[in-house]
Amino acid sequence: MPKTAKAKAPNNESLEQKLWKAADKLRKNIDAAEYKHIALGLIFLKYISDAFEELHLKLIAGEGEYEGADPEDPDEYKAENVFFVPAEARWSALQAQAKQPTIGQKVDEAMEAIEQANPKVLKGILPKVFGQQKLDPASLGGLIDMIGSVNLVQAKPEADEQLSLEAEPTGEPPRQADLLGQVYEYFLGQFALAEGKKGGQFYTPEAVVRVLVEMLEPYHGRVFDPCCGSGGMFVQSEKFVSHHQGRLDDISIYGQESNETTYKLCRMNLAIRGIDGSNIRWNPEGSFLNDAHNDLKADFVIANPPFNDSDWVGRIDPKSDGGHPLRRDGRWKYGVPPVGNANFAWVQHFLYHLAPTGAAGFVLSNGSLSSNTSGEGEIRKALVEKDLVDCIVMLPTQLFYNTGIPACLWFLSRSKNGNKHRNRKGEVLFIDASELGYMVNRRNRAFAEDDIQRIAGTYREWKRDGGEYEDVKGFCKSVVLAEIEKHNFVLTPGRYVGIPDEVDDGVPFEEKMGALTATLAEQMQEASELDAEIKTQLAKVGFEL
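Reading the values: rules and limits
Residues numbered from 1 in each chain as written. Predicted model: local features only at pLDDT ≥ 70, side-chain atom pairs only at ≥ 80, totals over all residues. Heavy atoms only, no water. Buried < 20%, exposed > 50% of the residue type's maximum accessible area, 1.4 Å probe, protein only. Helix = DSSP H or I, 4+ residues; strand = E, 2+ residues; numbered from the N terminus. Pairing = 2+ DSSP bridges. Phe/Tyr/Trp six-rings, centres within 6.5 Å; stacked < 30°, edge-to-face > 60°. Lys NZ or Arg CZ within 6 Å of the ring centre and 35° of its normal. Expected span 1.5 Å × (residues − 1). Salt bridge = Lys/Arg side-chain N within 4 Å of Asp/Glu carboxyl O.

A word on the pairing of strand 4 (residues 298–303). Burial of strand 4 is extensive: six of the six residues sit out of reach of the surface. Of the strand pairs in this sheet, strand 1 (residues 221–225) and strand 4 are connected by two bridges, and their pairing is parallel. Within strand 4, the residue paired with Phe224 across the bridge is Val301. The pairing of strand 4 with strand 5 (residues 354–365) spans five bridges and is parallel. What sits directly across from Phe300, in strand 5, is Ala359.

Shown next as structure tokens:
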């Protein structure tokens, strides 16, 4: 009987997942921490080259508004916010040389040429690590070919083994820039996962950022993240505005990062999304010792600072500064934060930069909700008494790649008096989301879209004038300040929301007990029979019980 062709299982992986798997195979013996600069650098180069080529073709055609334009004049591209890419750095030129042993040096030269052509935005930003000896030219060439094939978004694979880069049908054809932005973001998350603890330093899981942004709703104004990592808060803020039919020009972003490598990732992440990153600053001292936006008053602060950072004050000299170099800093309006933990230094840094009607949402470890050591309890008490705390959300465990420390979200507001929403002075909303989410793999959890909307929707309805908010036992409760004082200003949501009621299944107690005892009797009878069988078998081999 002739063999029939075995039906091939449908591949439901997204474009990003297929690309990641293919790129990871080419990684070989290079650490994820190094490889991310290679892969992300190439995706960025592909993005700016594609954007250039699109405008280049229009300029060559010279029709309409482009009549008489010079396709090789950098000013033509500058006028349309497109990076100028010199001929030798264009993707087509590099891909043509992908099989050459010198491809690494060519890519480094291309990165240098692009920086020189766009010094104001890209000077010193792009990675130049492609010519290193340990990077196999054949693998690099394979990666270039693979990323280059993203252009074939509507093409079918010619053979079963060929990578299919067909995009998911969404009704609207995907913009190349959007597609590469998605790929860049997905790769950032995957590299963070691969790097484990170190990865969490540059990447906040998308689910956490989504909750922060959906709750704060940054429709317009200045958005600030003083520990911005790879810029995830800004990207999600831009997406939020876009999804709600807002104008991207209505928000402006400001950020600071102390890790130079992460800062470069951030600048590329924003550029690939077409977001102005000119107000993202880097200095090695960081936000506490060298505030790069000292005069900024932001409408929104969104941040994920390092958890329980014990190395934040810089040099300590007990003789001249009493062991706390920043003791007299003007930012500590609610108490001097301890040298050994930066949690409440961050909180007060955020407040310092908040406009009179601004709101802040940020991640902290759960210890910040209840700690009374080194004056932290007094600072928390002052924040509550000043009515700055708007909402606290308890998060489930395993959401973060770099730590298993339980975490929560704080929301502070300077506009609880009804300036923007309902007057909720003297009230704090507690949400316990610790039972929400699903396991992505054995180590990490994420929020489903329903989880995000449940948390954010609860907060929005609570704030809204005429909102349909109700306390839900075990999940959320609106509490007055006097009740928080009774709990000694501990802000752990579990203390306020209580334990959820048991769900009544409608079965009478007697009926349940009857079924349970019948099952127990069957199990005891089965156990008795097994005991007898064991005795019989042991007797056969000469053993008695």
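The description of an aromatic ring pair rests on the distance of the ring centres and on the angle between the ring planes. Tallied over the full model, the rule gives 22 aromatic pairs. Measuring from centroid to centroid gives 5.6 Å for Phe307 and Phe400, while their planes differ by 70°, and the two rings are edge-to-face. Placement of the pair is Phe307 in the loop between strand 4 and helix 12 (318–321) and Phe400 in the loop between strand 6 (389–394) and strand 7 (407–413), with a sequence separation of 93 residues. Assigned by exposure class, Phe307 and Phe400 land together as buried. Here a set of aromatic residues connected by ring pairs shows up, and it is made of Phe288, Trp312, Trp332, Phe344, Trp346, Phe350, Phe362 and Trp410. For Lys297, the ring lying beneath its charged end belongs to Tyr352, and the centroid distance is 4.2 Å. Stacked on the ring of Phe475, the Lys or Arg Arg454 has its end atom at 3.7 Å from the ring centre.

A few words now on helix 7 (residues 137–148). The α-helix winds at 3.6 residues per turn, so residues separated by three or four positions along the chain end up facing the same way. The end-to-end C-alpha distance of helix 7, which contains twelve residues, comes to 16 Å, matching closely the 16 Å that a straight helix rising 1.5 Å per residue would cover. When we look at burial in helix 7, the residues that qualify are Ser139, Leu140, Gly141, Leu143, Ile144, Met146, Ile147 and Gly148.

What follows deals with the pattern of salt bridges. Close approach of charged atoms allows side chains of opposite charge to pair. This structure, assessed with the given rule, holds 16 salt bridges. In this structure, the salt-bridge partner of Glu214 is Arg460, at a minimum N-O distance of 3.6 Å. On the criterion of sequence distance, the pair formed by Glu214 in helix 9 (residues 206–216) and Arg460 in helix 15 (residues 449–463) is long-range, its members being 246 residues apart. Taking relative accessible area as the criterion, Glu214 reaches 9% and is therefore assigned buried. One continuous salt-bridge network, built from bridges that share partners, spans Arg210, Glu214, Glu449 and Arg460.

One non-glycine residue, Glu217, lies in positive phi territory at about 50°. Inspection of the secondary structure assignment puts Glu217 in the loop between helix 9 and strand 1. By relative accessible area, which is 17% here, Glu217 ends up buried. Non-glycine residue Asn308 carries a positive phi angle of around 50°. Overall, the relative accessible area of 29% leaves Asn308 in the partly exposed class.

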